[in-house]
Structure formats: structure tokens, C-alpha cells
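# Survey of secondary and tertiary structure
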There are 2 protein chains.
Amino acid sequence: MGDAERESRILDAANDLITHYGYDKTTVDEIAREAGVSKGAVYLHFKGKEALFEALLLRESERVMDDMFARIEADPEGGTLFHVYGHALRAAITNPLIRALSTRDRRVLGDFARRFANMASPQDGMMFGREFIAHFQAAGLIRRDLSPETVTHLLVYMRYGFLMTESILPPEHTPPIDEIVAAMADMLSKGLAPDGQGDSETGKAIMRGYVAQLRAAIDERRGKLKKDE
Amino acid sequence: MGDAERESRILDAANDLITHYGYDKTTVDEIAREAGVSKGAVYLHFKGKEALFEALLLRESERVMDDMFARIEADPEGGTLFHVYGHALRAAITNPLIRALSTRDRRVLGDFARRFANMASPQDGMMFGREFIAHFQAAGLIRRDLSPETVTHLLVYMRYGFLMTESILPPEHTPPIDEIVAAMADMLSKGLAPDGQGDSETGKAIMRGYVAQLRAAIDERRGKLKKDE
DNA sequence: AGTTGACCAGAATCGTCAAACTGGTCAAAG
DNA sequence: CTTTGACCAGTTTGACGATTCTGGTCAACT
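Conventions adopted
- Residues numbered from 1 in each chain as written.
- Chains lettered and ligands numbered in written order.
- Predicted model: local features only at pLDDT ≥ 70, side-chain atom pairs only at ≥ 80, totals over all residues.
- Heavy atoms only, no water.
- Near = heavy atom within 4 Å.
- Polar contact = N/O pair within 3.5 Å; in protein donor to acceptor, adjacent residues only side chain to side chain.
- Helix = DSSP H or I, 4+ residues; strand = E, 2+ residues; numbered from the N terminus.
- Nonpolar A, V, L, I, M, F, W, Y, C, P; charged D, E, K, R; others polar.
- Buried < 20%, exposed > 50% of the residue type's maximum accessible area, 1.4 Å probe, protein only.
- Contact = heavy atoms within 4.5 Å.
- Buried area = accessible area lost by both parts, 1.4 Å probe.
- Salt bridge = Lys/Arg side-chain N within 4 Å of Asp/Glu carboxyl O.
- Least-squares fit on C-alpha atoms with pLDDT ≥ 70 in both.

Another aspect to go through is the protein's contact with DNA strand D. Around DNA strand D, the structure places A:Arg6, A:Ser38, A:Gly40, A:Ala41, A:Leu44, B:Thr26, B:Thr27, B:Val28, B:Lys39, B:Tyr43, B:Gly48 and B:Lys49. What you see for DNA strand D is that sugar and phosphate hold 62% of its atoms within 4 Å of the protein. Separating a phosphate oxygen of DNA strand D from a backbone N or O atom of B:Thr26 is a distance of 3.5 Å. Those elements giving two or more residues to the surface near DNA strand D turn out to be helix H3 (39-45) of chain A together with helix H3 (39-45) of chain B. The dominant element in the surface near DNA strand D, judged by the number of residues it contributes, is H3(A), at three residues. Across the surface near DNA strand D, the residue classes tally to four nonpolar, five polar and three charged.

Written as C-alpha cells, this is what we have:
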């Protein structure tokens with residue numbers, strides 16, 4: 001078993017246990033056992049429990065980002081902000097840990113919840129923040145008569161509500177995810193896009209730049225994690 | 001001091017204390033003192049602490065509803081669903097207790113949080129629920145190609161995010177409430193309204209009916225409260 | 001008759017302390 | 001050189017009784 005594969009197994013185990021029992025109630029011992037290695041081995045790969053968790057968040061963030069990006073590239077109209085938005089939501093809701101992170105679910109994050117009050121995760125902070133929206137506006141993919149801050153707020157509201165669906169609306173009346181996302185994207189494109197919708201390829205180009213930027217941010221954090229070891 | 005006025009003072013005191021310290025940490029003794037009456041007097045008006053709180057919720061719900069209704073009637077275009085929606089949000093965010101109720105804020109609701117898992121409040125349950133939306137669709141105020149459930153979800157998402165603003169977005173970048181609500185209403189009207197927007201007066205008529213229905217529901221609950229005494 | 005506040009039983013809180021557990025280390029085994 | 005798991009120090013948990021607090025009542029007072 002290679003080094004990278006073992007690290008990956010440890011992260012898999014941590015992911016399963018933490019999304020199920022929460023950060024606080026998951027012990028390093030359990031993670032090691034679930035991963036089929038000894039506890040010492042865990043400390044060979046990570047500085048400590050916190051660093052392990054952070055590494056896990058980075059990995060899952062990257063996965064969600066890759067997932068989103070793949071969906072965008074595969075979709076002819078994927079570069080429109082509202083398709084971008086839809087693909088981002090689909091990717092995010094699929095990943096339990098990222099969902100917990102985005103909704104600041106204390107049952108999963110435990111003590112870490114406080115840490116995220118200050119430090120926004122790459123996912124959250126950069127994805128639909130002011131700069132991001134301004135960029136899309138400049139490229140003619142969003143109406144320019146709205147301030148970027150306002151657009152950001154609207155998009156974050158919907159994203160938050162969407163990821164909270166299970167908690168706030170009775171599941172028996174919830175339509176399929178695809179139907180909701182489709183309606184959302186459609187509504188947004190009619191409500192926030194300029195006449196003519198803007199050019200999808202331009203949007204894709206922007207997204208490639210952003211994904212690269214996000215990836216760089218993630219790698220930088222990874223580097224810091226390693227250096228602290 | 002009349003009987004009704006004293007009851008009102010007790011509710012005022014309870015409102016102040018509970019929105020500030022939360023249900024659990026507010027004692028009947030403090031409520032009585034704040035209201036300038038004895039503890040016994042509180043029990044003359046209400047069966048117990050729970051009944052007092054429920055009465056408070058009913059009063060505040062009714063106030064928010066009245067507020068919303070007044071805004072709608074005063075607005076020439078107030079009958080459009082999206083103006084209705086905007087007025088409902090403005091009214092709701094103004095009232096701390098209703099905001100806490102709508103966001104299921106445990107710090108304020110305390111033990112009561114659980115009770116609302118099953119029993120939806122009139123405000124929440126009826127306001128933008130399936131039936132309500134279906135009604136507006138039938139009246140030609142919302143596109144008919146979307147299922148009422150889907151529309152409900154979209155609206156609830158935005159409402160939830162909007163009422164959570166303070167908790168999820170840094171206040172320094174938050175535009176004025178009016179700007180956000182205006183953008184939201186505009187976006188919704190472009191995205192979810194049929195061509196031609198529909199007739200505002202029709203919407204107002206529907207709203208009058210709904211408000212009457214809500215008021216009846218509130219009065220019924222009030223009656224049950226009194227009966228249990 | 002209408003109000004009050006002292007009073008009560010049960011619940012929550014505090015303080016304590018021993019047992020169990022947890023993150024982290026490292027000598028020893030492989 | 002890599003990996004392990006017994007081990008350690010510090011923390012958390014839980015049981016316990018003492019003490020305070022809280023919702024609710026009711027005899028006494030106005």
C-alpha cells in the first residue's frame with residue numbers, strides 16, 4: 001500500500017466517521033481502526049487531529065470544485081452564471097462534509113464551528129463573493145444595474161436555503177433536486193441576466209481562471225499544513 | 001389599569017426579556033417584575049409559562065401579519081406575488097421574535113425549538129405553502145409551468161437566507177435592507193411571474209381572503225388557549 | 001372580588017472527585 | 001527505516017449530594 005493511498009484511506013475513514021458522528025465525537029483511535037492502520041500511523045501523516053480535519057476539508061473542497069467544474073465543461077450553456085450556480089449547488093449538496101461546512105452545522109463541525117466564524121473557507125468566501133460577481137458583471141453575464149453586493153446576497157440566500165432544505169421543509173413535499181435546481185437557474189437567468197443572456201464561453205473562461213485560483217489557494221493551504229509538521 | 005392593558009404589559013415584558021435572554025433563561029418572576037405586577041397576577045392571565053409564550057407568539061404573528069397587510073394595501077402594485085413577498089419579508093425582519101421563530105433560533109426559543117419541528121406556526125406554514133402558491137398560480141400571478149412545491153421551495157429558501165443574513169454574511173458588506181428586498185422582488189417578478197405580471201387587484205383580493213383565514217386560525221388558537229385555562 | 005407574595009415540590013445548577021477517555025509520544029518490534 | 005501499540009499527561013465524563021432556582025399555588029391581605 002503506497003504512501004498516498006494510505007493517507008487517502010485515513011481521510012476516507014475520517015470523512016465517514018465525522019460526517020456521521022461529528023468532529024468532537026470522532027476519536028483518532030477510531031479513525032485509525034476504520035482505516036486499518038495504527039494510531040501512530042495517523043500521526044505519521046498528519047500533525048494532529050486538527051490538521052487531519054483541515055486536510056480533509058481541503059480534499060473535499062477540491063473534489064466538489066472538480067465536480068462542479070466538470071459539470072460546467074460538459075454543459076454547452078455551462079458558462080452562464082446561472083448554470084454555474086446550478087452546477088455549484090449540485091456539486092455541493094452531493095458532498096455531506098461540504099454541506100455541513102456551508103450550513104455551519106455544529107453537530108458535524110463541533111468545536112470547529114467557531115473557527116469558521118472568522119476564517120471563511122475557499123468554497124464559501126470566494127465562490128459567490130463580491131469580486132466573483134463583479135467579474136461576471138464586467139463580462140456581461142449579469143445585469144449591471146445591481147450592485148455586486150446585492151447579487152451576492154441573493155445568491156447566498158438561495159444557496160443557504162437550498163443546502164438547508166432537509167432541515168426547514170418537510171421532505172415529503174420536496175420535489176426532486178434536479179427540478180428545484182432547474183427552476184432556480186431558470187428564475188435567476190430571467191431575473192438577473194442581461195438581455196441576451198451573455199456568452200457562455202466567456203463565462204467558462206472566467207471559471208477556468210477562478211478554478212485555477214481556487215486550486216492555488218487550496219495548494220497553498222496544503223503547503224502550510226505540511227510545513228507546520 | 002384595565003384588564004386588557006395589563007395583559008398587554010405582561011406580554012410586552014415577556015417579549016423584551018425573551019428576545020433578549022431567550023425563553024429558558026427568562027423567569028416568570030422577572031416578567032412579572034418587568035411588567036410591574038406580581039407573579040400571581042401573571043397566573044391570573046395565563047395558565048402557565050408555556051401558555052404565556054404561546055399567547056405572545058400569537059400576538060406577534062398577528063402584528064406582523066397586520067404590518068404586512070397594511071404595506072400591501074398601501075402599495076398600488078402590492079397585490080403582485082413579488083410585492084406581497086417583499087412586504088412579508090420587510091414585516092418579518094422587523095419583528096425580533098418572529099425572526100427568531102422563522103429561523104428556529106434556539107438561543108431565543110430554547111426548549112420550544114423542538115415543539116416547532118412538528119407544529120408549523122401559522123406564519124410559516126400557511127404563508128408561502130403549497131396551497132397559497134397554487135392559489136396565486138390559478139389567478140395568473142405566477143407562471144404555471146412550475147409546480148407549486150418548487151415555487152414554495154424557492155421562496156422559502158430566499159426567505160430563510162434573508163432572515164439569516166446577520167448570521168451568514170459579514171454585516172460590513174450588507175447593502176441596506178430595502179435595496180436587497182427591491183432586488184429580490186424584481187428578480188422574482190422577472191423570473192417567476194407570467195408575461196404581463198398579472199393583476200395586482202386580484203392578488204390583493206386573494207390576500208384579503210388569506211389574511212382573514214390566518215386571523216381566524218390565530219383566533220382559534222387563542223380560543224383553545226383560553227379554554228385550557 | 002381582586003391581588004399579592006410567602007411558600008412548596010420538583011428541577012436545574014454547582015462543586016467535587018474518581019474513573020474513563022483522548023490526543024499525542026516514543027521505545028521497541030518487524 | 002517503517003510501523004506499531006503500550007503508555008502518559010491532561011481533559012472530559014458521570015455520579016453524588018448540597019444548594020439554589022423556578023414554575024406554580026393559595027391563604028391572607030387590601
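Alright, that's what it looks like, and here's the rest.
For the rest of this paragraph, the subject is the side chain of A:His45. Residues and elements named next belong to chain A. Its place among the elements puts histidine 45 in helix H3. Of the residues examined, histidine 45 reaches a relative accessible area of 7% and is grouped as buried. Looking at histidine 45, its side chain comes within polar contact range of the side chain of glutamate 7, at 3.2 Å.

Before going further, it helps to spend a moment on the interface of chain A and chain B. Contact residues are listed per partner, giving 31 residues for chain A and 31 residues for chain B. For the chain A and chain B pair, buried surface summed over both sides reaches about 2900 Å², with 74% attributable to carbon and sulfur atoms. Here chain A and chain B share two salt bridges between them. Across the pair B:Arg143 and A:Asp186 runs a salt bridge, and its minimum N-O distance is 2.7 Å. Counting across the interface, chain A meets chain B through eight residue pairs in polar contact (both at pLDDT 80 or more).

Our focus in this paragraph is the relation of the copies chain A and chain B. Expressed as a screw transformation, the operator carrying chain A onto chain B has a rotation angle of 180° and an axial translation of 0.0 Å, and the superposed copies differ by an RMSD of 0.1 Å. A rotation of that kind, with that shift, is consistent with a two-fold axis. A share of 100% of interface residues in chain A that are also interface residues in chain B marks the association as one of identical surfaces.

Turning our attention to the pattern of salt bridges. A full pass over the atoms with the stated rule returns 40 salt bridges over all chains. One salt bridge connects A:Asp12 with A:Arg59, and the closest N-O pair in it is separated by 2.8 Å. Here A:Asp12 is found in helix H1 (residues 3-21), whereas its partner A:Arg59 is found in helix H4 (residues 49-74), with 47 residues between them in sequence. For B:Arg215, the salt bridge identified is with B:Asp66, shortest N-O distance 3.1 Å. Of this pair, B:Arg215 sits in helix H13 (residues 200-227) while B:Asp66 sits in helix H4 (residues 49-74), placing them 149 residues apart in sequence.

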